[in-house]
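A structural walkthrough
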Amino acid sequence: MEESKMENAMDQEPVFDEQHYRKKLKLSFTLLLVFTVTYFLAAIITTRELKDIAALEIMGMPLAVYLGMLVFIVGIVVTRISLVKNQ
Amino acid sequence: MGFDNPVAVSIVLFTIAISFLISYLSIRWTRTTTDFYVASGKIPWKLNGAAMFGDYCSAASFLGIAGAIALSGVDKWWIAIGFFGAWIVLLLVLAGPLKSAGKFTVGDVLVGRFGGRSLKLIAMVGTVVIGTLYLVPQIVGAGHLFNLLLGWDYMTTVFVTGAFMAMMVIIGGMRGTTYNQALQGLILIVAMFALVIVASSIYFDGNPLRIIAQAKETVSTTEAVKIGRDLLATAPTETVEDAFALAQTIREMAPETPTAMTPGVAVPGMWNQLSLVLGLLLGTAGLPHVLIRLYTVKDARAAQKSVEVTIIGLAIFYIAVLFAGLAAMMILYPTLMELLAAGEIGVATNMAVPFLGMELGGEVFLGIIAAGAMAAMLSTSVGLLISMTTSLAHDVYAGIIKPESSDRERVVFAKVGAAVFTVIAIVASIWLREQNVAVLVGMCFGIAASTFAPILILSIWWKGLTKEGAVSGLVVGLVFSLIFTFARFLEMSSVFGIPVLVNPALYSVPVAFLTIFVVSYYTSNQGDVEKFMAVAHRKA
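Nothing here was measured: the structure is a model prediction, and the numbers come from that model. (Residues numbered from 1 in each chain as written. Chains lettered and ligands numbered in written order. Predicted model: local features only at pLDDT ≥ 70, side-chain atom pairs only at ≥ 80, totals over all residues.)

Remarks on the interface of chain A and chain B
Counting from both sides, the interface comprises 44 residues of chain A and, opposite them, 52 residues of chain B. Residue assignment for the side of chain A that touches chain B shows that the elements contributing at least two residues are α1 (2-5), α2 (18-45), α3 (51-54), β2 (61-62) and α4 (63-85) of chain A. No other element matches the 12 residues that α2 of chain A contributes to the side of chain A that touches chain B. Its residues assigned to classes, the side of chain A that touches chain B comprises 27 nonpolar, 11 polar and 6 charged. (Contact = placed C-beta atoms within 7 Å. Helix = DSSP H or I, 4+ residues; strand = E, 2+ residues; numbered from the N terminus. Nonpolar A, V, L, I, M, F, W, Y, C, P; charged D, E, K, R; others polar.)

What follows is the structure, encoded as structure tokens:
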């Protein structure tokens, strides 16, 4: 079958490298933690309960908009770090 | 409008014709199952990144979010931020290992670790449920759009759109789908930027920040209807200057009313917000049409680089969506108020962007925006269809029903499956025609976040996961998320005393994870964990 001709990753026999796995685990979940903290912080501050904080104006724009922008910026930064460190 | 917009209709038909041409030209590269499912893993990573962007920017992104911002203001931007955040999860914890460990489908990854056919079957069911639910809002959006452009009734529109989607998949397979999605992604980003640039140039002194500044002095249209509905009968509403004047009058009538830039007005309470953003964050990690694109490139590194291209594209696109949504609110102020006053919330939300295009650049601009919207719907829909049919043909037909089947039989089975899924989605689209497409997609994310996301993340990263834990977690996550999703559709306030939230994720995600941990603790079949981890986490 044509499907079986395609390289089947599970058929190969790479050796499990515990140290490499742990290094990847630490990097990936540390970066994920940084992003999710930013993400949820921004999400919670913009709720009805905390809207007064979100409405604080900085240079003519409410804090909520800056936090939204920050999510995009942090997302792109952790993406780049992940790709560079995983090279 | 009927054929009052021949130029716009021609532009839309031209882009659809190009898509069909691309699909037709891809026939010669779609001879085998691997070609049909994943283009034999030969798609360049930049092209795949562009295709993922087109695939992901659905009707919800292009029409729903900007439309929701046009009605309710900056609070609705959170849906876009959530859609974006999901890709960071995908890149950091899934993209590379998933490509390394899989071949065609999510089921392959699970079977790679645990073996057996039951997981493939369960993965296929999950893929079909999520895919169908995600397909519905695409067709709903298309139905409204063609209604606007051609004056067709909704039913006719839904049938024709569904047929387009099915034909593109059946003809072009994954390679045709990839080129189409990349082209459609390009149309989307150009259309969204064109809206912001032209709106800024004509009405906001060429400065997009003026859109924000003016929005700070404008009451959202949703609030404006409550304050100044009576003004619609008397105030002039012909020009954009009239629209600005009406907004100013309403602001003066109720100076204490929050404006379009006031946060916390249209956002649900804390728990609803948490549930929504959690569902969006983990949702992409469980969306089959996104995951299957990781298998179309040559290796894990290429998959990760593809995702980075998509992330950058999405960041730029979603920031533009905020400006476009706010511009639409102010420029279309009376139009949106009239629609809201008439109870046409769905039309107001989903059609704000096409209306803005018409206002800014007449038929040509309307045509470009409509082509962008159509591109959004088609690219996402064909991605969903191909992921569902691949799962059905590869996981079930070739994996369980008829393992000895020929390549031709499998491709035929997949194509028949595409037609069947389209019919199901069309019927559901008729039932849910008044729903906001962004809300529908958001709920679909909740289901994906509660099913595939937990088991994929834990399969790849947790050695202690057992087969029983994975199966039970997936089933429990699916059941919980479906219960709360349908409770929401049926407008129930609670289920068994538990309040129904805007998204099921806050309940179903923790329950799914907890089920996996508890069942894994009491069972022992961890599968071929050493070999699986070695493959999934091998060095590039």
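There is more to say after this.
Describing the packing of helix α8 (residues 154-203) of chain B against helix α17 (residues 345-401) of chain B
Direction vectors running N to C along α8 of chain B and α17 of chain B enclose 150°, while the axes themselves pass 6 Å from each other. The handedness of the crossing between α8 of chain B and α17 of chain B comes out as left-handed. (Axes fitted to C-alpha atoms, helices over the stretch in contact; angles between N-to-C directions. Left-handed = near helix turned anticlockwise from the far one by under 90°.)

Points about the environment of Leu231 of chain B
Here Leu231 of chain B shows up in helix α11 (residues 231-234). When near neighbours in sequence (up to four residues on either side) are disregarded, Leu231 of chain B contacts Leu246 and Thr249 of chain B.

Section: helix α3 (residues 45-56) of chain B
All names here are of chain B. For α3, with 12 residues, the first-to-last C-alpha span of 16 Å sits near the 16 Å given by 1.5 Å per residue. Burial analysis of α3 places 10 of its 12 residues in the buried class, the great majority of the element. The complete set of buried residues in α3 reads Trp45, Asn48, Gly49, Ala50, Ala51, Met52, Phe53, Gly54, Asp55 and Tyr56. The inward-facing, buried residues of α3 abut α8, α14 (288-291), α15 (300-331) and α17. (Expected span 1.5 Å × (residues − 1). Buried ≥ 20, exposed ≤ 12 C-beta atoms within 10 Å, placed from the backbone.)

Structural notes on the confidence of the model for chain A
Looking at chain A, the pLDDT average stands at 85 and 85% of residues meet or exceed 70. In the model of chain A, α1 of chain A stands out as the element of lowest mean pLDDT, 52, in contrast to α4 of chain A, which has the highest, 93. (pLDDT = per-residue confidence, 0-100.)

Focus on the confidence of the model for chain B
On average, residues of chain B score 85 in pLDDT, and 97% of them are at 70 or above. Here the predicted complex scores 0.87 on pTM and 0.86 on ipTM.

A word on the packing of helix α5 (residues 77-101) of chain B against helix α20 (residues 452-461) of chain B
Residue and element names in this part refer to chain B. Across the interface, α5 lies against α20 with an axial gap of 10 Å and an inter-helix angle of 65°. On the basis of the axis angle, α5 is roughly perpendicular to α20. In this structure, α5 meets α20 at a crossing whose hand is left-handed. From α5, Val93, Leu94, Pro97 and Leu98 reach across to α20, where they touch Leu456, Ile457, Ile460 and Trp461. Its residues placed into classes, the contact of α5 with α20 shows 8 nonpolar, no polar and no charged. (Parallel < 35°, antiparallel > 145°, perpendicular 65-115°, else oblique.)

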